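Each chain, letter by letter, is given below.
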Amino acid sequence: MSKIIVLMGAPGAGKGTQARLLQERLHLPQISTGDILRARAEQQDSLADEIRSVQAEGKLASDDLVGRVVQERTSQEDCRQGYILDGFPRTTAQAEMLEGLAAKQGNDISAIFVDVPSELLEKRTTGRRSCPVCGEIYNIYFKPPKVDNACDQHPNALLEQRADDTPEKVRVRLETYARETAPLLDYYQGTGRLHRVDGTRSPEEIYSDLEKILNNEVVRANPAD
Ligand code: AP5
Ligand code: MG
């Protein structure tokens, strides 16, 4: 059975950083609803305007829109062996939709909570910069590029800062997370599919925990092997 890896955690917890490592090393596609929505918001139409305003306010896009995005993306060929969800589900309705999708696709869900205390999250978000070419994620405090404001791999590309990474917007995003998304941790805990990792350590240490969790699950699923 193939796997849906659901990466959970507050804004700035490191979901995207871990999702990129998993994608690179497990060859499963990373599906970040935040990235997909940001890309869609660059077009010039009313849907793009709506997404820009929702993201800028730190609120959530509608379940209907995000549900359609995930349904469409996960029906593509590269998702047949499983995929990594980064930033989805974020509401009870989205979690229910994912159950239906997993059942239809014959996939198993494994939820991993990257746990980071709130006092660290402001530096993680406001210090974040990313490469517009390859999407590599940097941080001026924790993972600075070799040359100020340039990607290590693409020296001609100036790093970008997200519009919602200001202290005021981060505050609203954290409130939205606490109200809408954090309750899903109980839901996955209650169904025996939640794993918690300490997200305050280095990305490689965290990744090594993810690897152990996922390997253990494969062993449990195939006890006779
Ligand atoms: P989204 O893009 O998903 O943002 P988020 O959930 O707020 O999470 P972030 O991307 O800010 O953080 P991250 O956990 O990925 O951290 P990262 O790895 O970059 O969503 C944005 C918006 O889109 C939402 O507000 C909403 O409007 C909309 N949206 C998206 N999905 C939706 C949905 N399902 N439903 C409705 N609306 C939706 O790391 C952060 C920083 O920390 C980086 O600088 C990184 O270098 C650094 N860092 C990472 N790990 C470590 C570490 N271990 N040690 C030190 N530094 C680290
Ligand atoms: Mg992210």
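Described in the following lines is the structure provided in the data block. Because the structure is predicted, anything quoted here is derived from the model rather than measured.

Quick look at the packing of aromatic side chains
On inspection of all chains with the given rule, the structure shows two aromatic pairs. Relative to Tyr188, the ring of Tyr187 lies with its centre 5.0 Å away and its plane at 65°, an arrangement referred to as edge-to-face. A relative accessible area of 32% places Tyr187 in the partly exposed class. Residue classification places Tyr188 among the buried residues on the basis of a relative accessible area of 0%. In this structure, Arg124 is placed above the aromatic ring of Phe142, and the distance from its NZ or CZ to the ring centre is 6.0 Å.

Points about the side chain of Asn107
Within the fold, Asn107 resides in strand S4 (residues 107-115). In terms of polar contacts, Asn107 uses its side chain to reach the side chain of Gln105, at 3.1 Å.

A few points about a nonpolar patch on the surface
Where nonpolar side chains cluster on the molecular surface, the patch consists of Ile140, Tyr141 and Phe142 and spans about 300 Å² of accessible area. Within the element layout of this structure, Phe142 appears in the loop between strand S6 (137-139) and helix H7 (167-181).

What about the pattern of salt bridges?
Evaluation of the coordinates by the stated rule reveals 20 salt bridges. Residues Asp45 and Arg40 are paired through a salt bridge, measuring 2.7 Å at the closest nitrogen-oxygen approach. Taking relative accessible area as the criterion, Asp45 reaches 28% and is therefore assigned partly exposed. Taking the shortest distance from any N to any O, the salt bridge between Arg201 and Asp198 comes out at 3.9 Å. According to the relative accessible area criterion, Asp198 is partly exposed, its value standing at 27%.

Topic: the nonpolar core
Of all hydrophobic cores here, the largest spans 48 residues; its most connected members are Leu85 and Leu98. Those residues in contact with Leu98 that lie beyond four places of it in its chain are Ile4, Val6, Leu85, Phe88, Pro89, Ile109 and Tyr188. Judged by nonpolar contacts, the second largest core, of five residues, contains Tyr138, Cys151, Ala157 and Leu159.

Details of H7
Here H7 contains 15 residues, and its C-alpha end-to-end distance of 20 Å stays within 8% of the 21 Å for a straight helix at 1.5 Å per residue. When H7 is considered as a whole, its buried residues turn out to be Val170, Arg173, Thr176, Tyr177 and Thr181. End-on view of H7: buried residues confined to an arc of 120°, all on one side of the axis. In H7, the exposed positions that point more than 90 degrees away from the buried face belong to Glu168 and Arg179. The inward-facing, buried residues of H7 contact S4, helix H6 (118-126), strand S5 (128-130) and helix H8 (183-190).

Calculation rules
Starting afresh in each chain, residues are numbered from 1 along the sequence in its written order. Written order decides the labels, with chains lettered from A and ligands numbered from 1. Predicted model: local features are reported for residues with pLDDT of at least 70 only, side-chain atom pairs are reported and counted for 80 or more only, and whole-chain, interface and lining totals are derived from all residues. Only hydrogens and water are removed before side-chain values are computed, so all heavy atoms of the structure are retained for them. Put simply, two rings from Phe, Tyr or Trp (the six-membered ring, in Trp's case) pair if the centres are within 6.5 Å, and we call them stacked under 30 degrees between planes, edge-to-face over 60, tilted for the rest. The rule is simple: take the accessible area with a 1.4 Å probe, protein chains only, and divide by the maximum for that residue type; under 20% is buried, over 50% is exposed, in between is partly exposed. Ring-over charges, as used throughout, are those where CZ of Arg or NZ of Lys falls within 6 Å of the ring centre and within 35 degrees of the ring normal. Think of it this way: any DSSP run of H or I at least four residues long counts as a helix, any run of E at least two long counts as a strand, and we number them from the N terminus. Polar contact is the term for a pair of N or O atoms within 3.5 Å; when the atoms are in protein, one must be able to donate a hydrogen and the other to accept it, and sequence-neighboring residues count only if both atoms are side-chain atoms. Patches here are clusters of residues that have more than 30% relative accessible area and form no salt bridge, with a 9 Å joining cutoff for like charges and a 5 Å cutoff for nonpolar side chains (Val, Leu, Ile, Met, Phe, Trp, Tyr). Each accessible area is a Shrake-Rupley result for a 1.4 Å probe, and residues are judged covered by the shown protein chains and nothing else. Salt bridges are defined as contacts in which a side-chain nitrogen from Lys or Arg sits within 4 Å of a carboxyl oxygen from Asp or Glu. Residue types Ala, Val, Leu, Ile, Met, Phe, Trp, Tyr and Cys, when buried and joined through side-chain atoms within 4.5 Å, form a set referred to as a nonpolar core. The contact definition used throughout considers only heavy atoms, calling two residues in contact when any of these lie within 4.5 Å. One fewer than the residue count of a helix, multiplied by 1.5 Å, yields its expected span. Note: the arc covers the axis-to-C-beta directions of the helix.

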